[in-house]
Amino acid sequence: MTDLQPVRGTRDLIGEDQRRHAHVAETARRVAGIYGYDEWTTPIFEDTRVFARTLGETSDVVMKEMYTFTDRGGDSVTLRPEGTAGVCRALVTNGLTQSLPQKVFYAGPMFRYERPQKGRYRQFHQIGLELIGPAEPLADAEVIACGWDILQTLGIAHDTVLEVNTLGDRESRHNYRSALVEYFTNHKAALSEDSLARLERNPMRILDSKDTADKRIVADAPTIGQYLTAEAAAFYDGLKSHLTRFGVPFVENPRIVRGLDYYGHTAFEFVTTRLGAQGTVMAGGRYDGLVAEMGGPQTPAVGWAAGIERLSMLLAETPAQRSSIAVVPIGDAAEAKALEILQALRRAGVRAEMAYRGNLRRRMERANRIGARAAVIIGDSDIATGVAQLKDLASGAQEAVPFAALVERLA
Ligand code: ATP
Ligand code: MG
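First, a word on what this report is: a plain description of the structure on this page. As the structure is a computational prediction, the values presented were derived from the model and not from experiment. (Residues numbered from 1 in each chain as written. Chains lettered and ligands numbered in written order. Predicted model: local features only at pLDDT ≥ 70, side-chain atom pairs only at ≥ 80, totals over all residues. Heavy atoms only, no water.)

This part is about the sheet that holds strand β2 (residues 45-47). With respect to topology, three strands assemble into an open sheet ordered β2-β4-β3, the strand pairing being antiparallel. A strand with exactly one partner marks an edge of an open sheet, and here the two such strands are β2 and β3 (67-70). With strand direction ignored, the average angle separating the axes of adjacent strands in the sheet is 30°. In this sheet, strand β4 (residues 76-79) lies alongside β2 in antiparallel orientation, the contact comprising three bridges. From the neighbouring strand, F45 faces β4, where its bridge partner is L79. (Pairing = 2+ DSSP bridges. Helix = DSSP H or I, 4+ residues; strand = E, 2+ residues; numbered from the N terminus. Axes fitted to C-alpha atoms, helices over the stretch in contact; angles between N-to-C directions.)

The next thing to look at is the pattern of salt bridges. Under the counting rule described, the total for this entry stands at 15 salt bridges. In this structure, the salt-bridge partner of E46 is R89, at a minimum N-O distance of 2.9 Å. Of this pair, E46 sits in strand β2 while R89 sits in helix α4 (residues 84-93); the two residues are 43 residues apart in sequence, bridging distant segments of the chain. Judged by its relative accessible area of 18%, R89 is buried. (Salt bridge = Lys/Arg side-chain N within 4 Å of Asp/Glu carboxyl O. Buried < 20%, exposed > 50% of the residue type's maximum accessible area, 1.4 Å probe, protein only.)

Okay, the sheet that holds strand β14 (residues 374-379) next. Here we have five strands laid out as an open sheet, ordered β13-β12-β14-β15-β16, and mixed in their pairing. The two strands at the open ends of the sheet, each matched to only one other strand, are β13 (352-353) and β16 (398-402). Relative to β13, strand β12 (residues 325-330) runs parallel, the two being bridged by two bridges. Within β13, the residue paired with I325 across the bridge is A352.

Now for the site of ligand 1. Around ligand 1 sit 15 residues in total, of which R112, E114, Y121, K210 and R258 are the nearest. Between ligand 1 and T280, the relevant distance is 3.1 Å, taken from an oxygen atom to a main-chain nitrogen or oxygen of the residue. G307 is positioned with one of its backbone polar atoms (N or O) 3.2 Å from an oxygen atom of ligand 1. In isolation ligand 1 offers 580 Å² of accessible surface; the protein chains occlude 91% of this area. Counting only elements with at least two residues in the shell around ligand 1, the list comes to β6 (123-132), β10 (280-286) and β11 (301-307). At three residues, β10 tops the list of elements feeding residues into the shell around ligand 1. Taken together, the residues of the shell around ligand 1 sort by class into five nonpolar, four polar and six charged. (Near = heavy atom within 4 Å. Polar contact = N/O pair within 3.5 Å; in protein donor to acceptor, adjacent residues only side chain to side chain. Areas by Shrake-Rupley, 256 points an atom, 1.4 Å probe, with all protein chains shown as cover. Nonpolar A, V, L, I, M, F, W, Y, C, P; charged D, E, K, R; others polar.)

Orientation of helix α6 (residues 170-186) relative to helix α7 (residues 193-201), taken along the N-to-C sense of each, is 145°, at an axis distance of 10 Å. Crossing of α6 over α7 shows left-handed handedness. Facing R177, V181, F184 and T185 of α6, the residues of α7 in contact are L199, E200 and R201. Split into classes, the residues belonging to the contact of α6 with α7 amount to three nonpolar, one polar and three charged. (Left-handed = near helix turned anticlockwise from the far one by under 90°. Contact = heavy atoms within 4.5 Å.)

Scanning all chains against the criterion turns up five aromatic pairs. Centroid distance Y67 to Y113: 5.8 Å. Interplanar angle 70°. Geometry classified as edge-to-face. Placement of Y67 in strand β3 and of Y113 in the loop between β5 (102-111) and β6 is noted, with a sequence separation of 46 residues between them. By relative accessible area, Y113 is classed as partly exposed at 45%. Judged by centre distance (5.7 Å) and plane angle (35°), the rings of Y176 and Y227 are tilted. Note that Y176 is positioned in helix α6 and Y227 in the loop between α8 (212-219) and α9 (230-246), a separation of 51 residues in sequence. Stacked on the ring of Y121, the Lys or Arg R11 has its end atom at 4.9 Å from the ring centre. Between K240 and the ring centre of Y236, over which it is positioned, the NZ or CZ distance is 4.1 Å. (Phe/Tyr/Trp six-rings, centres within 6.5 Å; stacked < 30°, edge-to-face > 60°. Lys NZ or Arg CZ within 6 Å of the ring centre and 35° of its normal.)

Now for the pairing of β5. The buried fraction of β5 amounts to eight of the ten residues, a majority that puts the element mostly inside the structure. When strand β1 (residues 38-39) meets β5, the two strands line up parallel, connected through two bridges. Looking at β5, one finds that E39 is bridged to F105. Summarising the sheet, β5 and β6 pair through ten bridges and their orientation is antiparallel. When the bridges of β6 are listed, Q102 appears paired with I132.

Functional significance is not addressed by these values, which are geometric in nature.
So, in structure tokens, the structure goes:
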């Protein structure tokens, strides 16, 4: 068994890694709660059609990255590569399409068959928000403001830049698409194989290419601005003025498109230069067509997702382990009393531990090893007097404290 390893692209979260990870998820959950979001938990695997139909059959995720398998009953299921499609499926199957708006927060693992590297894994974790119902650009701005607030609360907002763009409405995209096809067709010879395929099926996706040669061509490609309808331009202006009112700084980047096909109007990313090629930490946009794709009514929606691993890497500090109180009995009679005190401390919310065996020296060694801040030492003879020794393990100072006063003293 010794050569068993975690599957390529997966990792164990233990110790500092786990604490950083949990801190990101808990902070996001709390801030999202302040903005009125409730958490949903949807299944980690879904009917393959939930993703294949809706992420867009040309997306990288569907073409190359999905973990899809046939289960023992012969059904095709897929480990979720992202959270939005499952939330929209859940909205429809739980009959919530008439109870809008729904403000959804989620956190959990996602699965994509990608080439693992720093900040890119095959099982990774996302936090995300979905605001389903409102069609106004105020909603887009508020969703972004909540994301910005989470980054600020984590202390990493100053390491990121918010880049926004518009993908326009259907008509704008239709007009823009023709211009892009014409432009890229003229540069066909230099395009990567992936982008040649995108040229036929979804030319906007070429703007998102990570290929260096593609990037050079993309640099001079037409931008969507001049193809926007009056309505789409007004929506984009609305987004920008609301962002300013929320006090969220941003830059415009006309190259931002979303990796998935169902987006329109707002597209945005929070990017950092601190993580090498994996610079996008939070990304999202408006996806007014997705709920209908799931079999529900036409329903506007906007949201984002952020990679917990990438956010964890940006944290300046690892959250400290909560320090314990070590309860140290010397003798059998003392052990019974110690157990009582141990549970009283725990009921008061104090992290407290007692070793399962060992003499005084062993138990004190163990208390130091777990980084306990204090030890409550109880000998058999202390039972009659009702007084324990409380030892501060940092300073070594020791004092007598009545059993009855310990909880209040340490809580
Ligand atoms: P990228 O361009 O890095 O591949 P993406 O466009 O595929 O990202 P999204 O689908 O928008 O990513 O997912 C939102 C966020 O989830 C990303 O910004 C990133 O922080 C995180 N993420 C995506 N894929 C991975 C992965 N394989 N490993 C770790 N984090 C990831
Ligand atoms: Mg990707």
